[in-house]
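# Examining the three-dimensional arrangement
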Amino acid sequence: MNALPPPLAGITVVAVEQAVAAPFATRQLADLGARVIKVERIDGGDFARGYDTAAGGLASHFVWCNRGKESIALDLKDPRGLDVVRQLVAGADVFVQNLAHGAAARLGLDAATLCAAQPRLVAVDISGYGPSGPYADKRAYDMLVQCEAGLVSVTGTPEQPVKAGIPAADIAAAMYAFSGVLAALVRRGATGRGGPVEVSMLDALAEWMGHPLHHAMHGGTPPARTGLAHAVIAPYDAYATADGGRVLLSVQNDREWRRLAEQVIGRPELGTDADFATNAARVVNRERTDALVGAALGGLGADEAVGLLERAGVACARLRDVQQLAEHPQLAARERWREVGSPVGPLRALLPPITLPGGGEARMGDVPALGEHTEALLRAVGMADVEIAALRRDGVVA
């Protein structure tokens, strides 16, 4: 039986995008087979290209979010550059933008304007705080939105709130934009009409804050910051091992506690001791509980501790750093690593999490150089050599 085609084969996406939220959304579309045309500034392109040089001289954010795209560099302040974008959008199925508030509307590239002219187009506006309200004009970098959404207030230790170590607000908005595009394309298949899609970083991250939000609204108090521990479960924390590692374990019920007490701590009587027999008691006596577990694991190596906990049926994990993630045995065993091309040569990259058995592997295209596809795309919209030369001479394209 022939493999199914990529699910988004034949779909063309044009994106006027920067940073993480929109680029990460459109990278998902590219991985599923869509053609993604990335419109960049002529003076350096997407500013995420300049965040660092960690990926062999390229920026790690840019490599992560932009594989499989075609790059065209245009000056949108010049009417000729803007006209090129409009011609590209005229042949597209999806348009995505995350410019500063009001910028897309001034260019006529906001979702409402584009969809009014092209009813089949799916057009996505990604913003920090939404198109209206007192925060609409505020700058909305990831860490700022993490603060506004309360994520920082529930992350960290009792003494110190901390931001998430990944751009959680950007990622949340990206994934809702991605799923919004898919939903709108399904609707278009049924009705023939696309339409606008709106996603804000604050709305997206506020949704992800559902548990602490409902806990605070309906229970009266927000969950406490507890580092790697759990606010209402014990033992649930990371414990040091003899070889300098740390192992996190989670006891979800009292049956598991009895197995932990007998098979790991070596004191079966703790399973019925009134100070430890129930989760409520263990939370009240958290320090003593943690001391018992810490003493049991502290004399073992991390691998030995994980093996002992698994044999006892207690959920556990190694506390890995990022380099150890890159070497994770599960990712290796499942052959999740591939190489993608880039201007500096091949780079390792993970297969996307969505697997569609029966189809081909996800399309993991090259990371583009700035303006790598400018000339080809200008020819595709019908420009002659003399016109292209004039645009280059006048600094409208790069």
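Further up the page is the structure itself.
Residues numbered from 1 in each chain as written. Predicted model: local features only at pLDDT ≥ 70, side-chain atom pairs only at ≥ 80, totals over all residues. Heavy atoms only, no water.

On to helix 10 (residues 254-265), then. Within helix 10, the full set of buried residues consists of Glu256, Trp257, Leu260, Ala261, Val264 and Ile265. Buried positions in helix 10, seen along its axis, are confined to an arc of 140° and lie on one side of it. Opposite its buried face, helix 10 presents the exposed residues Arg255 and Glu262, each directed more than 90 degrees away. Buried residues in helix 10 make contact with strand 8 (246-250), helix 11 (279-284), helix 12 (286-298) and helix 13 (302-311). Backbone nitrogen of Arg255 and a side-chain oxygen of the N-cap are separated by 3.1 Å at the start of helix 10; the cap is Asn253. (Buried < 20%, exposed > 50% of the residue type's maximum accessible area, 1.4 Å probe, protein only. Helix = DSSP H or I, 4+ residues; strand = E, 2+ residues; numbered from the N terminus. Arc of directions from axis to C-beta. Contact = heavy atoms within 4.5 Å. Polar contact = N/O pair within 3.5 Å; in protein donor to acceptor, adjacent residues only side chain to side chain.)

Our next topic: the packing of helix 7 (residues 168-191) against helix 8 (residues 201-208). How two helices pack is summed up by the angle between their axes together with the distance between the axes. Closest axis-to-axis distance for the helix 7/helix 8 pair is 8 Å, and the angle between their directions is 100°. By the angle between their axes, helix 7 is roughly perpendicular relative to helix 8. On the side of helix 7, the interface is formed by Ala168, Ala169, Asp170, Ile171, Ala172, Ala173 and Tyr176, while helix 8 contributes Met201, Ala204, Leu205, Glu207 and Trp208. Classifying every residue of the contact of helix 7 with helix 8 by side-chain character gives 10 nonpolar, no polar and two charged. (Axes fitted to C-alpha atoms, helices over the stretch in contact; angles between N-to-C directions. Parallel < 35°, antiparallel > 145°, perpendicular 65-115°, else oblique. Nonpolar A, V, L, I, M, F, W, Y, C, P; charged D, E, K, R; others polar.)

Taken in spatial order, the six strands of this open sheet run 3-2-1-4-5-6, and their pairing is parallel. The open sheet has two edge strands with one neighbour each: strand 3 (69-73) and strand 6 (195-200). For this sheet, the mean angle separating the axes of adjacent strands, direction not counted, is 20°. Inspection of the sheet shows strand 2 (residues 35-40) paired to strand 3 by five bridges, in the parallel sense. Pairing of Val39 across the sheet is with Ile72, part of strand 3. Contacts between helix 7 and the sheet are confined to strand 4 (94-97), strand 5 (122-127) and strand 6, with strand 5 contributing the most and set at about 160° to the helix. (Pairing = 2+ DSSP bridges.)

In this section: the pattern of salt bridges. Throughout the structure, instances matching the rule amount to 20 salt bridges. Put simply, Glu70 and Arg35 hold a salt bridge, and the shortest N to O gap is 2.7 Å. Of this pair, Glu70 sits in strand 3 while Arg35 sits in strand 2, and the two are 35 residues apart along the sequence. In this structure, Arg338 engages Glu361 in a salt bridge whose closest nitrogen and oxygen atoms are separated by 2.7 Å. Here Arg338, found in strand 10 (residues 337-340), pairs with Glu361, found in the loop between strand 11 (347-350) and helix 16 (374-380); they are 23 residues apart in sequence, far enough to count as distant. The exposure class of Arg338 is partly exposed, given its relative accessible area of 26%. Via salt bridges that share partners, Glu17, Lys38, Asp46 and Lys69 belong to a single interconnected network. (Salt bridge = Lys/Arg side-chain N within 4 Å of Asp/Glu carboxyl O.)

Okay, the packing of aromatic side chains next. Inspection of the entire model under this criterion finds four aromatic pairs. Ring centres of Phe47 and Tyr51 lie 6.1 Å apart, and the angle between their planes is 50°; this geometry places the pair in the tilted category. Accessibility expressed as a relative area gives 41% for Phe47, which makes it partly exposed. The exposure class assigned to Tyr51 is partly exposed, which follows from its relative accessible area of 40%. Taken together, a centroid distance of 5.3 Å and an interplanar angle of 70° make the contact between Tyr129 and Tyr135 edge-to-face. On the basis of relative accessible area, Tyr129 is assigned to the buried category, the value being 9%. (Phe/Tyr/Trp six-rings, centres within 6.5 Å; stacked < 30°, edge-to-face > 60°.)

Among the nonpolar cores identified, the biggest contains 43 residues, and Val13, Val94, Val96 and Ile126 are the most heavily contacted of them. For this core, the secondary structure elements donating two or more residues are strand 1 (12-16), helix 1 (21-31), strand 4, strand 5, helix 7, strand 6 and helix 8. For this core, the leading source of residues is helix 7, giving 11 residues. If we ignore the near neighbours within four places in the chain, the residues touching Val94 are Ile11, Thr12, Val13, Val14, Leu121, Val122, Val181 and Leu185. Ranked by size, the runner-up nonpolar core spans 31 residues in total, among them Val84, Leu377, Ile388 and Val397. (Core = buried A, V, L, I, M, F, W, Y, C linked by side-chain atoms within 4.5 Å.)

Moving residue by residue along a regular strand, the side chains alternate between the two faces of the sheet. When you tally the buried positions in strand 2, you get five out of six residues, the bulk of the element. As paired strands, strand 1 and strand 2 are joined by five bridges and run parallel to one another. Residue pairing in the sheet places Val13 in a bridge with Val36 of strand 2. Note on the crossover from strand 1 through helix 1 to strand 2: the handedness is right-handed. Viewed along the sheet, the connection from strand 2 through helix 2 (residues 60-65) into strand 3 turns out right-handed. (Right-handed = clockwise from strand over helix to strand, strands pointing away.)

As a further point, take the packing of helix 10 against helix 12. Between helix 10 and helix 12, the least distance of the axes is 10 Å, while the angle of their chain directions is 40°. The angle between the axes of helix 10 and helix 12 places the two elements in the oblique class. Considering how the two elements wind past one another, helix 10 and helix 12 form a crossing that is left-handed. The residues of helix 12 that touch helix 10, namely those facing Trp257, Leu260, Val264 and Ile265, are Thr289, Leu292, Val293, Ala296 and Leu297. (Left-handed = near helix turned anticlockwise from the far one by under 90°.)

The next point concerns the environment of Met143. As for its position among the elements, Met143 is in helix 6 (residues 142-148). Owing to a relative accessible area of 44%, Met143 belongs among the partly exposed residues under this scheme. Sequence separation of Met143 and Leu331 is 188 residues, and the distance between their C-alpha atoms is 29 Å.

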